[in-house]
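Summary of the model geometry
Chain residues, written in single-letter form:
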Amino acid sequence: MNYMPGTASLIEDIDKKHLVLLRDGRTLIGILRSIDQFANLVLHQTVERIHVGKKFGDIPRGIFVVRGENVVLLGEVDLDKECDQILQRVSIEEILEEQRSEQQAKQESERVKLQAVKERGLSIPKADTLDDF
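Quick caveat, the model's predicted, so the values are computed rather than measured. (Residues numbered from 1 in each chain as written. Predicted model: local features only at pLDDT ≥ 70, side-chain atom pairs only at ≥ 80, totals over all residues. Heavy atoms only, no water.)

**Quick look at the pattern of salt bridges**
Put simply, the rule is: In the sections that follow, a salt bridge refers to a side-chain nitrogen of Lys or Arg positioned within 4 Å of a carboxyl oxygen of Asp or Glu. Secondary structure is summarised from DSSP: a helix means a run of H or I of at least four residues, a strand means a run of E of at least two, and numbering begins at the N terminus for each. Throughout, exposure labels follow a simple rule: accessible area from a 1.4 Å probe, protein chains only, divided by the maximum for the residue type, with under 20% read as buried, over 50% as exposed, and the rest as partly exposed.
The tally for this structure, following the rule as stated, stands at 11 salt bridges. Glu-98 serves as the salt-bridge partner of Lys-55, at 3.2 Å between the closest nitrogen and oxygen. Of the two residues, Lys-55 is situated in strand E4 (residues 55-66) and Glu-98 in helix H1 (residues 92-119); the sequence distance between them amounts to 43 residues. You can call Lys-55 partly exposed: its relative accessible area is 22%. Using a relative accessible area of 28% as the deciding quantity, one classes Glu-98 as partly exposed. With a closest N to O distance of 3.2 Å, Asp-58 and Arg-89 form a salt bridge. Taken together, the positions of Asp-58 in strand E4 and Arg-89 in strand E6 (residues 88-89) put the pair 31 residues apart, joining distant regions of the chain. Judged by its relative accessible area of 53%, Arg-89 falls in the exposed class.

Now the structure itself:
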């Protein structure tokens, strides 16, 4: 097998099922159909997998074009390996409700932390102002 630099090494992975982790935290699973020199991807029969605790749900997305700069991780899914089924598959509606509840709990926790910091006379800069430094 010859070494191919850059994204050319992914040419042999075309038409195989891949998992893609995006910069915004989303997880996509689909068949890799195309890739270019910028690592832009075209995925076919794509599902967006949402994990919450020990539950997961898949939202069908169809054909998905991913800009290369948004890819954090790309890995081939081993179809021959048996799944241990540690996670429980649930419906789309249930996983979206679980995700919404988890996000609300996280926001409430952050609000409580911010309040505690303010009571001690400290302040936390907002994320959008950190770019100014």
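**Quick notes on H1**
As a reminder, the rule being used: To estimate how far a helix should extend, the number of its residues minus one is multiplied by 1.5 Å.
Compared with the 40 Å implied by 1.5 Å per residue over 28 residues, the 41 Å span of H1 between its first and last C-alpha is a close match. Downstream of H1 by one or two residues, Gly-121 has phi in the positive range, about 80 degrees.

**Let's talk about the sheet that holds E6**
Cut-off, in case you're wondering: Any two strands with at least two DSSP bridges between them are considered paired.
Pairing in this open sheet of six strands is mixed, and the strands run E5-E1-E2-E3-E4-E6 from one edge to the other. Taken across any chain shown, the strands that pair with only one partner, and hence form the sheet edges, are strand E5 (71-76) and E6. Of the strand pairs in this sheet, strand E2 (residues 27-35) and strand E3 (residues 41-52) are connected by seven bridges, and their pairing is antiparallel. Its bridge partner lying in E3, Leu-28 is registered against Glu-48.

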